Amino acid sequence: MTTIQDPPTAAVPAVATAVAGPAAPRRTTGDAEGVTGRRSWWGAVFAAPHSIGLVVFTAFPILASLVVSFMNWPMLGERTFAGVENYVRLFSDPVFRTVALNTTLFVVLYVPLNLVVSLGLAAWLTPRIAGRHVFRVLFFIPTITPIVANVVVWRMLYQPDGAIDATLQSTIGVHAPNFLADQHWAMLAIVAMSVWQGFGYNMLIFSAALDAVPENQIEASQLDGANAWQTFWAIKFPLISPSVFFATMMTLITSFQVFTQPFVLTKGGPGTATETLVQYIYNTGFQNQQLGLASAGAWVLFVIILGITAVQFLGQKRWVHYE
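Since we're looking at a predicted model, the values are computed, not measured.

What is the right way to read the environment of Ser-69 from this model?
Of note, Ser-69 is situated in the loop between helix 2 (29-68) and strand 1 (71-72). Ser-69 sits in the buried class, given a relative accessible area of 0%. Through-space distance from the C-alpha of Ser-69 to that of Tyr-87 is 8.1 Å; in sequence the pair is 18 residues apart. Apart from the residues lying within four places of it in its own chain, the contact partners of Ser-69 are Gly-83, Asn-86, Tyr-87, Gly-292, Ser-295, Ala-296 and Trp-299.

Following this line, the structure appears as structure tokens:
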């Protein structure tokens, strides 16, 4: 009599092992650490050129300028330690105080005008405006045009018998002021040119931020009876306030560093009416060859910008709304 026997229990695991193949060996902790170490090494290799450039061309010159600011460092000749003498000379120099006031005046005039023009044009360039992309390009062109070329063109506009003077003579029969030679008009002329040069960048930032405002919130405010002005200040402006904060901060920093416009338009004149801090540093270092005093002026400017930036970050909590 034949009996049926159950297959051996080891047959199934054997078949499964034969089909699946040999099990892969587990990676040990040492192997994982080796792979991580090799990846970190390659990451350091690829980052080395940028890191070396940052140290050589940025970090080292910054630290070197701090050291030079405490020394009498002529372009040629013996260098001696001066302590805080350079800083004392700066703050006792009436020319330095004048250029500091000139820079402050430029910032006070330029920054609000830049922001108002940029925000106004961005609010006007709604999707309902036909050809808004063309207007964006036209408004942004001065920003990417070489600033020296723009300044030279504006210098020809401002000079006697230039386009502005000729237009006024042909229309109302009077001469335009000598903008660049009159101390009452020179700074205003530089501010006007600078606003035209720089508003396009902030305009694009504001325009992109306004395009990101949810339509349902705007429609809800309109259903509640809000007009366009109320909708802008109650709905749109709080939502774009981070972009406004960023634009304000960057515009303030760059405006304290203004150099090309007054240097090319007026050379800081008439007298020192339009000379700025950066131009003072340039003249002190490369014309008067007093590198220690120029480095001290650069660090004073750095502290001013750092302090204003810190105040901005502290004050943003009151009016900047992050979602």
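Sorry, what's going on with the packing of aromatic side chains here?
Aromatic ring pairs are reported here in terms of the distance separating the ring centres and the angle at which the planes meet. In this structure the tally under the stated criterion is 23 aromatic pairs. When the ring of Trp-124 is compared with that of Phe-135, the centres are 5.2 Å apart and the planes differ by 70°; the resulting orientation is edge-to-face. Placement of the pair is Trp-124 in helix 4 (residues 94-124) and Phe-135 in helix 5 (residues 132-144), with a sequence separation of 11 residues. Taken together, a centroid distance of 5.5 Å and an interplanar angle of 85° make the contact between Phe-179 and Trp-185 edge-to-face. A relative accessible area of 11% means that Phe-179 is categorised as buried.

Help me understand the layout of surface pockets, please; the structure alone is not making it clear to me.
With a probe scaled to a water molecule rolled over the atoms, the places where space remains empty come into view. As a volume, the largest pocket reaches approximately 740 Å³. Looking at the largest pocket, it is lined by 27 residues, and the ones nearest its centre are Ala-123, Thr-126, Ile-218, Phe-232 and Lys-236. Elements with a contribution of two residues or more to the lining of the largest pocket: helix 4, helix 8 (186-211), helix 9 (215-223) and helix 10 (228-256). The space that makes up the second largest pocket amounts to roughly 510 Å³. Lining the second largest pocket are 16 residues, and of these Ser-65, Ile-281, Ala-294, Ser-295 and Ala-298 sit closest to its centre. The element best represented in the lining of the second largest pocket is helix 13 (residues 291-319), accounting for 7 residues. Its residues placed into classes, the lining of the second largest pocket shows 13 nonpolar, 3 polar and no charged.

What's the story with helix 5 in this structure? I'm lost.
Because each turn of an α-helix spans 3.6 residues, side chains separated by three or four positions in sequence point in the same direction. Between its first and last C-alpha atoms helix 5 spans 19 Å; for 13 residues at 1.5 Å apiece the expected length is 18 Å, and the two agree. Turning to helix 5, its buried residues are Arg-132, Arg-136, Phe-139 and Pro-142. Considering only its buried residues, helix 5 is in contact with helix 4, helix 6 (147-158) and helix 8.

Quick notes on the rules
- Residues numbered from 1 in each chain as written.
- Predicted model: local features only at pLDDT ≥ 70, side-chain atom pairs only at ≥ 80, totals over all residues.
- Heavy atoms only, no water.
- Helix = DSSP H or I, 4+ residues; strand = E, 2+ residues; numbered from the N terminus.
- Buried < 20%, exposed > 50% of the residue type's maximum accessible area, 1.4 Å probe, protein only.
- Contact = heavy atoms within 4.5 Å.
- Phe/Tyr/Trp six-rings, centres within 6.5 Å; stacked < 30°, edge-to-face > 60°.
- 1 Å grid on protein atoms, 1.4 Å probe; cavity = no way out; pocket = protein on both sides within 12 Å on 5 of 7 lines; lining within 4 Å.
- Points joined across faces, edges and corners; volume = space filled by probe spheres on them.
- Nonpolar A, V, L, I, M, F, W, Y, C, P; charged D, E, K, R; others polar.
- Expected span 1.5 Å × (residues − 1).

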